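Spelled out from the first residue to the last, the chains are:
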Amino acid sequence: MIKREHIKQAIDAISERAPAIGRALDELLGMGRIEVAAPSEDADTGTDFYFLFDQEKVRVKKFIFINEGAAPIERGLIIKYGELLRKRELIEGRRERDFLRAARDVRRAGLRLMVEYEIENAIQRTRRASDAGTPGGVDERVALLNSLKSENPAEGVPTSSRDDRVIFCGAVDDGRPALFIPFAFNLEALMQVADINLEFFHVRFLLACLSRGQDHHLFACAVDGRIVGMLFLSLKSALFYSGLEIKYIATLRGRRSDDEEPPPHGVGRFLVAGTWLLWRTVYRKAREIVLDSEAGARRFYEHHGFASKGPHRYVLSKPSPDLLRTILIMAENRPDLPPRVAVELADLVMKRIKQLRRRSRDEHERRLHAQVEALAQTALSSCAHPVIATAATRGLLRCRRSLSELEHLLAVASQNPQVRKAFLPGASPVVGVVSDDRFTQHLENIFHLENAKRYEAIRSVLEDPSFSGKLERIAPRPAIPDELAWVHTPAYVERVAQTAGRPLTSFDLDTQTTEKSYETACLAVGAVFNLVEEIWSGRIQRGFAAVRPPGHHAEPGRGMGFCLFNNTALGARYLQRRHGLKRIMMVDIDAHHGNGTQAVFYDTDEVLCVSIHQFPGFPGTGKLGEVGRGKGEGFTVNVPLRKGHGDADFLCILHFLVRPLARAYQPEIILVPCGFDLWAHDRLAEMRVSSEGYGLITAMLADMAAEVCHGRIAFVMEGGYSAEGIRECGFKVIQSLCRPSPSNLETLQKIEGEDPSKLGALKKAIEIQRKYWDVLK
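Residues numbered from 1 in each chain as written. Predicted model: local features only at pLDDT ≥ 70, side-chain atom pairs only at ≥ 80, totals over all residues. Heavy atoms only, no water.

> Whenever I open this one, the nonpolar core confuses me. Can you help?
Side chains of a nonpolar character, in soluble globular proteins, are inclined to be buried together. Phe 544, Phe 565, Leu 657 and Phe 676 are the most contacted members of the largest nonpolar core, which has 112 residues in total. When residues of this core are assigned to their parent elements, the largest contribution, twelve residues, is made by helix α21 (residues 517-537). Sequence-distant contacts of Phe 676, defined by excluding residues within four places in its chain, comprise Ile 458, Phe 544, Asp 682, Tyr 694, Met 717, Gly 719, Gly 720, Ile 726, Cys 729, Gly 730 and Val 733. By size, the runner-up hydrophobic cluster in this structure holds 68 residues, among which are Ile 2, Ala 10, Ala 18 and Leu 206. (Core = buried A, V, L, I, M, F, W, Y, C linked by side-chain atoms within 4.5 Å. Buried < 20%, exposed > 50% of the residue type's maximum accessible area, 1.4 Å probe, protein only. Helix = DSSP H or I, 4+ residues; strand = E, 2+ residues; numbered from the N terminus. Contact = heavy atoms within 4.5 Å.)

> Explanation requested: helix α18 (residues 452-462) in the structure shown.
Helical periodicity: at 3.6 residues per turn, an α-helix aligns residues three or four positions apart in one direction. For α18, the complete set of buried residues consists of Ala 452, Arg 454, Tyr 455, Ala 457, Ile 458, Val 461 and Leu 462. Contact partners of the buried residues in α18: β12 (431-434), β13 (471-474), β16 (542-545), β21 (713-717) and α26 (723-737). A side-chain oxygen of the first residue of α18 lies 3.0 Å from the backbone nitrogen of Lys 453; this N-cap is Asn 451. (Polar contact = N/O pair within 3.5 Å; in protein donor to acceptor, adjacent residues only side chain to side chain.)

> Please explain the packing of α21 against helix α22 (residues 567-579) as it appears in this structure.
A pair of packed helices is captured by two measures, namely the crossing angle of their axes and the spacing between those axes. Between α21 and α22, the least distance of the axes is 9 Å, while the angle of their chain directions is 50°. One element, α21, and the other, α22, form an angle in the oblique class. Relative to α22, the crossing made by α21 is right-handed. Residues Ala 521, Ala 524, Val 525, Val 528, Phe 529, Val 532, Glu 533 and Trp 536 of α21 form the contact with α22, whose participating residues are Asn 567, Leu 570, Gly 571, Tyr 574, Leu 575 and His 579. (Axes fitted to C-alpha atoms, helices over the stretch in contact; angles between N-to-C directions. Parallel < 35°, antiparallel > 145°, perpendicular 65-115°, else oblique. Left-handed = near helix turned anticlockwise from the far one by under 90°.)

> Would you explain the confidence of the model for the protein chain in this entry?
One rule of thumb: low pLDDT means the predicted coordinates there are not for detailed reading. Looking at the protein chain as a whole, its pLDDT mean stands at 88, while 92% of the residues score no less than 70. Considering each helix and strand of the protein chain separately, the mean pLDDT is smallest for helix α17 (residues 417-423), with a value of 61, and largest for strand β20 (residues 669-674), with 98. In this model residues 424-429 is a low-confidence stretch, pLDDT under 50, and it forms four contacts with partners more than four residues away in sequence or in other chains. (pLDDT = per-residue confidence, 0-100.)

> How should the pattern of salt bridges be read in this particular structure?
Any two side chains of opposite charge can pair, so long as their charged atoms come close to each other. The full count for this structure, using the stated rule, is 40 salt bridges. Of the charged contacts in the structure, one is a salt bridge between Lys 61 and Glu 199, with a shortest N-O distance of 3.9 Å. Placement of Lys 61 in strand β3 (residues 56-61) and of Glu 199 in the loop between α8 (187-196) and α9 (203-211) is noted, with a sequence separation of 138 residues between them. For the pair shown, Lys 61 and Glu 199 are each scored as buried. Here Arg 477 and Glu 483 are joined by a salt bridge, their closest N and O atoms 2.7 Å apart. Taken together, the salt bridges that share partners define one network made up of Glu 56, Lys 80, Glu 83, Arg 107, Arg 108, Glu 188, Asp 195 and Arg 226. (Salt bridge = Lys/Arg side-chain N within 4 Å of Asp/Glu carboxyl O.)

> How do you make sense of the sheet that holds strand β8 (residues 241-251) when you look at a structure like this?
Strand order in the open sheet made by the eight strands is β4-β5-β6-β7-β8-β9-β11-β10, with mixed pairing throughout. Every interior strand has two partners, whereas the edge strands, β4 (168-171) and β10 (306-308), have only one. The mean angle between the axes of side-by-side strands here comes to 30°, regardless of whether they run parallel or antiparallel. Relative to strand β9 (residues 289-292), β8 is paired through two bridges, and the arrangement is parallel. Residue Leu 244 lies in a different strand from β9, and its bridge partner there is Ile 289. Its contacts with the sheet put helix α10 (residues 267-281) on β4, β5 (177-182), β6 (218-223), β7 (226-238), β8, β9, β10 and β11 (313-316), and the angle it makes with β8 is roughly 155°. (Pairing = 2+ DSSP bridges.)

> Help me understand the packing of aromatic side chains, please; the structure alone is not making it clear to me.
The relative placement of two aromatic rings is captured by the distance of their centres and the angle of their planes. The tally for this structure, following the rule as stated, stands at 29 aromatic pairs. Judged by centre distance (6.1 Å) and plane angle (75°), the ring pair of Phe 201 and Phe 205 falls under edge-to-face. For Phe 201, a relative accessible area of 0% translates into the label buried. For Phe 205, a relative accessible area of 16% puts it in the buried group. Geometrically, the ring pair formed by Phe 201 and Tyr 248 is edge-to-face, given 6.4 Å between the ring centres and 90° between the ring planes. Here Phe 201 is found in the loop between α8 and α9, whereas its partner Tyr 248 is found in strand β8, with 47 residues between them in sequence. An aromatic cluster is built from Phe 200, Phe 201, Phe 205, Phe 232 and Tyr 248, whose rings are joined through pairwise contacts. The ring of Tyr 50 has Lys 57 sitting right over it, with the charged end atom 4.8 Å from the ring centre. Its end group placed over the ring of Trp 279, Arg 280 keeps NZ or CZ at 4.3 Å from the ring centre. (Phe/Tyr/Trp six-rings, centres within 6.5 Å; stacked < 30°, edge-to-face > 60°. Lys NZ or Arg CZ within 6 Å of the ring centre and 35° of its normal.)

> Explain unusual backbone geometry to me, please; I cannot follow it from the model alone.
One can expect most non-glycine residues to show negative phi and most peptide bonds to be in trans. The omega angle of the peptide bond from Arg 548 to Pro 549 is 5°, so this bond is cis rather than trans. Here Pro 549 is to be found in the loop between β16 and α22. A cis amide bond, omega 5°, links Phe 618 with the succeeding residue Pro 619. One can find Pro 619 in the loop between β18 (607-614) and β19 (636-641). Of note, the phi angle at Phe 562 is positive, near 75°, even though the residue is not glycine. With respect to the element layout, Phe 562 can be found in the loop between β16 and α22.

> Sorry if this is basic, but what is going on with the pairing of strand β17 (residues 584-588) here?
In the case of a regular strand, side chains alternate between the two sheet surfaces. In terms of burial, β17 is largely enclosed, as five of its five residues are buried. Burial along β17 is two-sided: Ile 584, Met 586 and Asp 588 facing one way and Met 585 and Val 587 facing the other are all buried. Judged from the five bridges that link them, β17 and β18 form a sheet pairing that is parallel. Among the inter-strand pairings, Asp 588 is bridged to a residue of β18, identified as Ser 611. With helix α23 (residues 595-601) bridging β17 and its parallel neighbour β18, the resulting β-α-β unit is right-handed. (Right-handed = clockwise from strand over helix to strand, strands pointing away.)

> Even after reading the chapter, I still don't get the side chain of Lys 80, so can you show me in this structure?
Looking at the element boundaries, Lys 80 is found in helix α5 (residues 71-93). Overall, the relative accessible area of 8% leaves Lys 80 in the buried class. There is a polar contact of 2.7 Å between the side chain of Lys 80 and the side chain of Glu 83. With residues near it in sequence (within four places) discarded, Lys 80 still touches Phe 53, Glu 56 and Val 58.

See below:
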């Protein structure tokens, strides 16, 4: 633990370099404002020691303290002294301030003082080295160090892959973009390093590297403009040998405070992946990647493919599936990667896919198989480097007899235009579908209208022999809480998450969860994400998400009407957040109004929401006068219909109202919350749409998409409470999606001859919307 003499040593060291600060700290120590922590406070701190500054704990990492002595205490004292000075300034200023902003201001003041202190320390060392006769341009190095004191907003840490400083771009485990960069020597970056306090990579070490001309050995992983990990590489040379050595590597681990989000996972793997690509592109003369590992890190390195070459020496012999997948994601973002590197990656992928030929006999092998399958999916999707995708496809075809997931993985391959060109010449576009038997796990073993038979019904449609070769299977993945928060409040997401593992939880009279409902609902959202991603990427044009629970009734802060998370609204948010879409059109064809979707987008013009539904009826919203507000006024369109409307009425509404709106709005994609409860015999609605009508509705919407948004359209399953109705209507929907546009021209000609004024709800809707849409006048 830290003793008083350790603190005194640190203050004495500070006094030699900054006498004024040293005297002030010495007085604070004498007054008892700086003191050692009680033994009980240091007893169970794991990797940390503490001392107290004005009764506030100051953390000192045990590893750094043991290796560097009082130096980390010195840094902690300087930071807290800088914070103290800034607090006094704010108090004396007596101005009203935002508390959180003031806290950040205080923290930055402490970090800045520490960085400036270390810069002055580095300048003094540089001059002493010059006086001792060390060669080198001392004036240039001093000027360089002095330049770091200036704060330049244009510098800082890169936040975008478009920044010229970025070497590779990939992602960490939660899906956030991550940047592999050379360490940026500027004030902001140094303050970040001072703040995160990584092993090895303290500010004094970094400035020493800069002074010695070793700054090009330093690399970092940045996520959202924040440094979360660092790396020091060097060439290790001997007679007839050269290796690229990972000299030091450290990542941000654990929260630094209770109100702070935990750091992302996968940063260490990301840094090693960047090292591998640097090795193959820049350090080509190096024979291998090597490192000397401390005992505590062996498991990490062995997991990622490092092999032991002595007591503490490791060599990266063959990247693990997880590491190789991370490398592939980085390579996909570098289309200018040398062809030889792409070929090498293709060979590594082929070798890993061979492991799928063996049956998994234990838990370890099952985990390995899952990792290899994830690797195969990433490789099969590669468009920047077709050699990788085609090699992965060949590898899968060679293990046809033993790969249980072969059909699904080959469906992933068929979505890649480069693979189709190589293996399926002349193949016509097909429909993407996402489904998974885990969707049956919601509301297991209880009686409910929204039950697993609904999914089983749509699954039987997707397995119909008549669709063989026409559907591309897309694997779902679970959405994470941060993604769910794009639509829902964190409190509501947490409330649903807490139901996991509980036999039965009720949100209202209609909406319940069971043990795996949260997991299933996250999977439904992620399924929609993957579907719209495939559509937007251009690998497919049309798709259908066979998911449950449904979603369009779920509002930001509550679930209702059998819905937990708003799958389609989240799909729209995904496209906005990930791809920057500004015009998305929703056409809700569920018998019940999508109140949740309307609530999410009611005040924006970036989503045009159209709903055709039964009224009066659940949930009681969706009236003609609900047209949006603020920027969103005119971008909510409701067509409430009394019971009994059939095929012709819905087709009229699509032709005379929805199509003109689509032409005027010019959406980038159309999303269709698709309920099967318009069917004439559904138990919860009283509409009269036939299965043939569903086929015609689908065909008209697909034709609309072909006209205004390059055919991009995604159907997401919502309601429908008759298994027979889902089978019959679902078959017609998928059948229509599989047909090229335009289709059903004879029906369209008949609809064009109808008089829209004969349908009262349509006439009123057009009259209301004319205020906002000239095309309806």
